[in-house]
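# Examining the three-dimensional arrangement
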Amino acid sequence: MTQEWTHIPIMAPQIADFLLTRQDGVYVDGTLGLGGHTKYFLNRLGAAARILGFDKDEEALKIAQERVADARLSAFHKSYTEAPAVLQELGINGADGALFDLGLSSYQLDNPARGFSIMADGPLDMRFDLKSPLSAAIIVNEWPMAELERILRDYGEERNYTKIALAIMHARRESPVNTTARLKEIVESVSPRRGKTHPATQTFQALRIACNRELDAVEQAMASLEKVLCCGGRAAVLTFHSLEDRLVKNRFKALAQSGAWKLLTKHAISPEYAEIRQNRRARSAKLRVIERVK
């Protein structure tokens with residue numbers, strides 16, 4: 001099972017250089033995924049170090065635990081928004097570093113059964129947590145047109161949001177839209193391909209964000225950083241689209257202006273060309289890092 005899914009942690013050396021300030025420190029991996037970043041970090045940390053890994057995806061969490069196979073990792077089937085409560089329960093007065101990797105894991109994207117990818121047909125699901133009641137299929141088949149327009153415009157930054165929402169409404173009257181292939185065809189029918197990006201890419205992004213309330217989670221996590229990090233602790237955030245990056249940028253700016261935090265990255269850092277050549281999924285990544293100084 002652990003060999004089926006390829007996974008290359010993005011910008012792992014750069015993130016480790018920023019975050020791993022103490023060999024025996026406590027660190028939070030806010031999106032454990034398949035455990036790539038955590039495994040890399042543990043190879044650079046001492047025997048007394050500890051990593052608390054969080055993920056809403058129970059299947060990915062199990063794979064990560066098998067791959068990392070290290071007693072220094074404590075894995076939690078929880079959202080990273082619950083990190084403050086977990087730290088408090090464990091009697092830990094703030095972590096030395098926290099990583100929030102806001103991208104999809106390779107497991108989620110490459111597994112057609114999860115419904116995240118345009119590249120393969122599968123059920124229209126898109127839930128990080130399979131126990132969550134809201135799937136992408138429910139949004140597509142039950143939400144009113146005004147709501148479909150809103151999420152396509154606000155979460156997908158899709159210019160053709162009205163055309164696509166209308167096409168979905170017409171299609172679902174004929175029969176439920178329950179597969180990624182059918183949704184892809186619906187979008188293609190009103191938004192022909194231009195350039196390399198598939199015309200349904202932004203629609204899939206919008207549905208994924210709405211289904212998992214991703215932006216709410218990012219805002220909540222950024223607002224609770226002082227409950228996650230001790231003085232001297234650092235937070236690194238990897239974003240993959242402009243909506244996330246804007247939220248993080250603005251929050252970090254406000255924290256820095258308070259005088260209690262210091263920006264360690266004046267501007268977002270992008271992966272080097274060599275990494276992008278090796279891993280195309282790194283091409284849209286942006287890294288921002290901040291330190292709590294008071």
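These remarks concern the structure in this document. (Residues numbered from 1 in each chain as written. Predicted model: local features only at pLDDT ≥ 70, side-chain atom pairs only at ≥ 80, totals over all residues. Heavy atoms only, no water.)

Residue Ala-69 is not a glycine yet carries a positive backbone phi of 45 degrees. Structurally, Ala-69 is set in the loop between helix H3 (58-68) and strand E3 (73-76). Look at Glu-157: it is not a glycine, yet its phi comes out positive at around 50 degrees. Position of Glu-157 relative to the elements: it lies in the loop between helix H7 (145-154) and helix H8 (161-174). (Helix = DSSP H or I, 4+ residues; strand = E, 2+ residues; numbered from the N terminus.)

Attention shifts here to the environment of Ile-269. Tracing the backbone through its elements, the reader meets Ile-269 in the loop between strand E6 (261-263) and helix H14 (273-278). On the basis of relative accessible area, Ile-269 is assigned to the partly exposed category, the value being 27%. With 20 residues separating them along the chain, Ile-269 and Val-289 place their C-alpha atoms 9.2 Å apart. When neighbours within four sequence positions are excluded, Ile-269 is seen to be in contact with Met-11, Phe-18, Ala-285, Lys-286 and Leu-287. (Buried < 20%, exposed > 50% of the residue type's maximum accessible area, 1.4 Å probe, protein only. Contact = heavy atoms within 4.5 Å.)

So, about the pattern of salt bridges. In total, this model carries 17 salt bridges according to the counting rule given. The closest approach of N and O atoms between Asp-17 and Arg-44, which form a salt bridge, is 2.7 Å. Of this pair, Asp-17 sits in helix H1 (residues 12-19) while Arg-44 sits in helix H2 (residues 36-44), and the two are 27 residues apart along the sequence. We classify Asp-17 as exposed; its relative accessible area is 55%. We classify Arg-44 as partly exposed; its relative accessible area is 32%. As a salt-bridge pair, Asp-24 and Arg-22 come within 3.1 Å of each other at their nearest N and O atoms. (Salt bridge = Lys/Arg side-chain N within 4 Å of Asp/Glu carboxyl O.)

On to the nonpolar core. Generally speaking, nonpolar side chains in soluble globular proteins are found buried as a group. Ranked by internal contacts, the top residues of the largest apolar core, which has 32 residues, are Leu-124, Leu-183 and Leu-207. Listed by contribution, the elements that provide at least two residues to this core are helix H6 (136-142), H7, H8, helix H9 (180-190) and helix H10 (201-212). Once residues within four sequence positions are removed from consideration, Leu-124 is found in contact with Ser-135, Ala-136, Ala-137, Val-140, Val-177, Asn-178, Thr-179, Thr-180 and Leu-183. Of all hydrophobic cores here, the second largest spans 28 residues; its members include Val-26, Leu-52, Leu-229 and Val-248. (Core = buried A, V, L, I, M, F, W, Y, C linked by side-chain atoms within 4.5 Å.)

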